[in-house]
Amino acid sequence: MNYVRKIREDLYWVGGSDRRLALFENAYPVPNGIAYNSYLLIDEKIVLFDTADRAVSEQYQANVEAVLAGRHLDYLVVHHMEPDHCWAIGEMMRNYPDMKIVCTATAMKMIGQFFDVDNIKERIMVVAEGDTLNTGNHELTFVTAPMVHWPEVMVTYDKSTKTLFSADAFGSFGAINGNLYTDEVNYERDYLDESRRYYSNIVGKYGVQVQALLKKASSLEIEMLCPLHGLIWRENIGWIVDKYLKWSSYTPEEKGVVIAYASIYGNTENAANILAGMLADKGLRNIKMYDVSATHDSYILADAFRYSHLVFASVTYNNGIFTNMENLLHHIAAHNLQNRTVAFIQNGTWAPTSGKLMKDIIEPLKGMSILEQMPTLKSAVKPDQVKELAALADAIVASM
């Protein structure tokens, strides 16, 4: 048995969810699972939009067969060649030998890299920016979206229903738990954090390219967004587009401070707690604290995209930065975060050098304002360091 979902009279969701996966891309924790979306359009010409990950492939193929009900599949549109969306391409080509794959020229090369395909050029219909495909009652227009977040990516606009099949854009971590649409849940309360974490970690490096896609999308009348992960948007589309405008331009969503600390015996953590208390006493309400040894980098990066100010506090370890803090900082730099106010706290019993080394990683990023105050501990917090922390708290509030 299978369970597919009718989106419109002739459009079906045929994807699946994986709640057993621990790490998405073997890197990012997904405690709420992950959804792999695929869509099937039943028209004079039948079109399948993307496949699914190996983990749900059996269920996915059963879903497709149930909707087809013995009918022929004419086209498979491939928006993105990452294996969580393309794993079943080989199987679909074997099952439907007359099916044409619709994709970009770059995607065609990748298909040859992932799969052993005879006469690959005969099986593939290469499309470019603005090309169209008429399926009978629907006119599909293909829009290229290179580096959102792979070079072969495209999206598809269905002019007839004003639907954008948006590839990895507008997606989210999290399985589909019955409700298929964002307006059926409290999205801001229950899903926004995972949408932000998904964007910042998966797509965050490519803000310029996301901006280019948003500019193209602004000329389209869109009534529904069908992403490859997460829930479908059919209401409040402008709200999530506004979030993408902020995230892709590295504009903080709100004023607040993220304090990330690396502490071995608790002294650096104590300094971070003192600073947080001082900020609260000055009226600051948005304060997020993270022990970098207890929290995965992806969560801290997501809040770094959300808030305006960042504080990194680290012990000096082997004459360098504590390992987990160093990993976090390189993770932030690799994702191209910009336009934040940043401060550092360093600790070192005999040679505190972590502050300068942390600064060296963050300072080259575009639009980073580095506060001059850098409290320095030599083991435990002493009265002089309390004064330094107070000066830093004053500087943070003043910079807001």
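Residues numbered from 1 in each chain as written. Predicted model: local features only at pLDDT ≥ 70, side-chain atom pairs only at ≥ 80, totals over all residues. Heavy atoms only, no water.

### Comments concerning the side chain of Thr 141
Inference 1: With respect to the secondary-structure elements, Thr 141 resides in strand E13 (residues 139-144).
Inference 2: Residue Thr 141 is classed as buried on the basis of its relative accessible area, which comes to 18%.
Inference 3: Those residues within four positions of Thr 141 in sequence are excluded, and the remaining contacts are Gly 130, Asp 131, Thr 132, Val 155, Thr 156 and Tyr 157. (Helix = DSSP H or I, 4+ residues; strand = E, 2+ residues; numbered from the N terminus. Buried < 20%, exposed > 50% of the residue type's maximum accessible area, 1.4 Å probe, protein only. Contact = heavy atoms within 4.5 Å.)

### A few points about the nonpolar core
Inference 1: In terms of nonpolar packing, the biggest core is built from 117 residues, with Leu 40, Ile 101, Phe 312, Met 325 and Ile 362 touching the most fellow members.
Inference 2: The dominant element in this core, judged by the number of residues it contributes, is helix H7 (residues 192-203), at 5 residues.
Inference 3: Within the second largest apolar cluster, 22 residues are counted, among which are Ala 271, Leu 389, Leu 392 and Ala 393. (Core = buried A, V, L, I, M, F, W, Y, C linked by side-chain atoms within 4.5 Å.)

### Focus on helix H12 (residues 323-334)
Residues three or four positions apart in an α-helix share a direction because the helix packs 3.6 residues into each turn.
Inference 1: For H12, built from 12 residues, the straight-helix expectation of 16 Å at 1.5 Å per residue is met to within 8% by its first-to-last C-alpha distance of 16 Å.
Inference 2: Here H12 has its buried residues at Met 325, Leu 328, Leu 329, His 331 and Ile 332. Across the axial projection of H12, the buried residues extend over an arc of 155°, all falling on one side.
Inference 3: Two residues or fewer past H12, Asn 336 is found with a positive phi of approximately 65°. (Expected span 1.5 Å × (residues − 1). Arc of directions from axis to C-beta.)

### Some details on the sheet that holds strand E15 (residues 163-165)
Inference 1: In space, the 5 strands of this open sheet follow the order E12-E13-E14-E15-E16, with mixed pairing throughout. Of all strands in the sheet, those with a lone pairing partner are strand E12 (132-134) and strand E16 (224-226), marking the two edges. Each strand axis lies, on average, 20° off the axis of its neighbour in the sheet, ignoring direction.
Inference 2: Relative to strand E14 (residues 154-158), E13 runs antiparallel, the two being bridged by 5 bridges. When the bridges of E14 are listed, Thr 144 appears paired with Met 154. (Pairing = 2+ DSSP bridges. Axes fitted to C-alpha atoms, helices over the stretch in contact; angles between N-to-C directions.)

### Points about the pairing of strand E19 (residues 307-317)
Inference 1: Most of E19 sits inside the fold, with 10 of its 11 residues counted as buried.
Inference 2: Two strands pair when backbone bridges link them, and strand E17 (residues 254-262) and E19 are joined in this way by 7 bridges, in the parallel orientation. When the bridges of E19 are listed, Val 257 appears paired with His 309.
Inference 3: Of the strand pairs in this sheet, E19 and strand E21 (residues 341-347) are connected by 7 bridges, and their pairing is parallel. By the bridge assignment for E21, Leu 310 is matched with Val 342.
Inference 4: Where E19 and strand E20 (residues 320-321) come together, 2 bridges link them in antiparallel fashion. Across the sheet, residue Thr 316 finds its bridge partner in E20, namely Ile 321.

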